[in-house]
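# Coordinate analysis (summary)
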Amino acid sequence: MSAALDYEDRPAIAELAEIDREILRLVAAGRTSKEIARALGRSHYTIDDRIKDVCRTLGADNRGHAAVMLLREEALTPPPDLGGAPPGGLEARPGRLAHAGEDSGSHQRRRLRALTDGLMDPRLGRLAIRLSVILVGIAMAAFLLASAITAVQGVFLTVLRG
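How each quantity is defined
Residues numbered from 1 in each chain as written. Predicted model: local features only at pLDDT ≥ 70, side-chain atom pairs only at ≥ 80, totals over all residues. Heavy atoms only, no water. Helix = DSSP H or I, 4+ residues; strand = E, 2+ residues; numbered from the N terminus. Buried < 20%, exposed > 50% of the residue type's maximum accessible area, 1.4 Å probe, protein only. Contact = heavy atoms within 4.5 Å. Salt bridge = Lys/Arg side-chain N within 4 Å of Asp/Glu carboxyl O. Arc of directions from axis to C-beta. Core = buried A, V, L, I, M, F, W, Y, C linked by side-chain atoms within 4.5 Å. Expected span 1.5 Å × (residues − 1). Polar contact = N/O pair within 3.5 Å; in protein donor to acceptor, adjacent residues only side chain to side chain. Axes fitted to C-alpha atoms, helices over the stretch in contact; angles between N-to-C directions. Parallel < 35°, antiparallel > 145°, perpendicular 65-115°, else oblique. Nonpolar A, V, L, I, M, F, W, Y, C, P; charged D, E, K, R; others polar. 1 Å grid on protein atoms, 1.4 Å probe; cavity = no way out; pocket = protein on both sides within 12 Å on 5 of 7 lines; lining within 4 Å. Points joined across faces, edges and corners; volume = space filled by probe spheres on them.

### A word on the overall build of the protein chain
A tally of regular secondary structure across the protein chain gives 7 helices and 0 strands. The order of α-helices and β-strands along the protein chain, N terminus first, is α-α-α-α-α-α-α. Here the protein chain holds 162 residues, and 20% of them are scored as buried. In the protein chain, of all internal contacts separated by at least 6 residues, the share reaching a separation of at least 24 is 62%.

What follows is the structure, given as structure tokens:
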């Protein structure tokens, strides 16, 4: 799980095909293999195979781990040089507020790094297990309550008929 935090995996990530990068971006957005397949015009079997290959290549534990590795790499990669500042510069003109995106690159990288660090926190896994147990308990209680209501209805119908 620590592979997402290591920087030696950058060459493996840099060699990913653009389709694999797009698949991982869609995984990061919470899409299922079938949704990704529909979006990219491919079979969900193809998507699953590509995800498995990417996980193997990156040494990722699962598809989410691979997606986090890609997002972290993209956040840490400096933007391409587009030939310098536009004529007139980027500074705010009098009476005009600076655009929100003009100065937030490092802030966004810090926020993304904090998010990915939070996703890799082992306490999150324990919390997910606890929440799953609670949800299973609630589902069982709802099933038992529905069964009890059905039994009581049967008794009342029997009493009313006979």
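### Some remarks on the pattern of salt bridges
Enumeration over the complete set of coordinates arrives at 6 salt bridges. A salt bridge links Arg25 to Glu22, with the shortest nitrogen-to-oxygen separation between them at 3.3 Å. Taken together, the residues Arg25 and Glu22, both in helix 2 (residues 18-28) and 3 residues apart, mark about one turn of the helix. Overall, the relative accessible area of 26% leaves Arg25 in the partly exposed class. Here Arg25 makes a salt bridge to Glu74, at a shortest N to O gap of 2.6 Å.

### Some words on helix 3 (residues 33-40)
Those residues of helix 3 that sit buried are Ser33, Ile36 and Ala37. Seen along its axis, helix 3 keeps its buried residues to an arc of 100°; they face one direction. Looking at the packing, one finds that the buried side of helix 3 touches helix 2, helix 4 (44-58) and helix 5 (63-76).

### Quick notes on the nonpolar core
If you look at the biggest cluster of nonpolar residues, it comprises 18 residues, and the most contacted ones within it are Leu24, Leu58 and Ala66. Only helix 2, helix 3, helix 4 and helix 5 provide two or more residues apiece to this core. In terms of residues, this core owes the most to one element, helix 4, which gives 5 residues.

### A few points about helix 4
Here helix 4 spans 21 Å end to end across 15 residues, near enough to the 21 Å set by a 1.5 Å rise per residue. Within the span of helix 4, buried status applies to Ile47, Ile51, Val54, Cys55 and Leu58. Along helix 4, the residues classed as buried sweep out an arc of 100° about the axis, all on the same side. Summarising the geometry of helix 4, the exposed residues directed more than 90 degrees from the buried face are Tyr45, Lys52 and Arg56. The distance from a side-chain oxygen at the start of helix 4 to the backbone nitrogen of Tyr45 is 3.1 Å, and the residue carrying that oxygen is Ser43. Once helix 4 finishes, Gly59 follows within two positions and takes phi at roughly 75°, a positive value.

### Regarding the packing of helix 2 against helix 5
Between helix 2 and helix 5, the least distance of the axes is 8 Å, while the angle of their chain directions is 110°. Accordingly, the angle class assigned to the pair helix 2 and helix 5 is roughly perpendicular. Counted together, Arg21, Leu24, Arg25, Val27 and Ala28 of helix 2 and Arg63, Gly64, Ala66, Ala67, Leu70, Leu71 and Glu74 of helix 5 form the full contact between these two elements. Here the residues of the contact of helix 2 with helix 5 sort into 7 nonpolar, 1 polar and 4 charged.

### Quick notes on empty space enclosed by the protein
In total, this model carries 2 cavities of 30 Å³ or more according to the counting rule given. Here the second largest cavity is characterised by a volume of approximately 30 Å³. What lines the second largest cavity is Arg72, Ala75, Leu76, Arg109, Leu112, Arg113 and Thr116. If you list the elements that add at least two residues to the lining of the second largest cavity, you get helix 5 and helix 6 (105-119). Tallying contributions element by element places helix 6 first for the lining of the second largest cavity, with 4 residues. Among the residues making up the lining of the second largest cavity, the classes are represented as 3 nonpolar, 1 polar and 3 charged.

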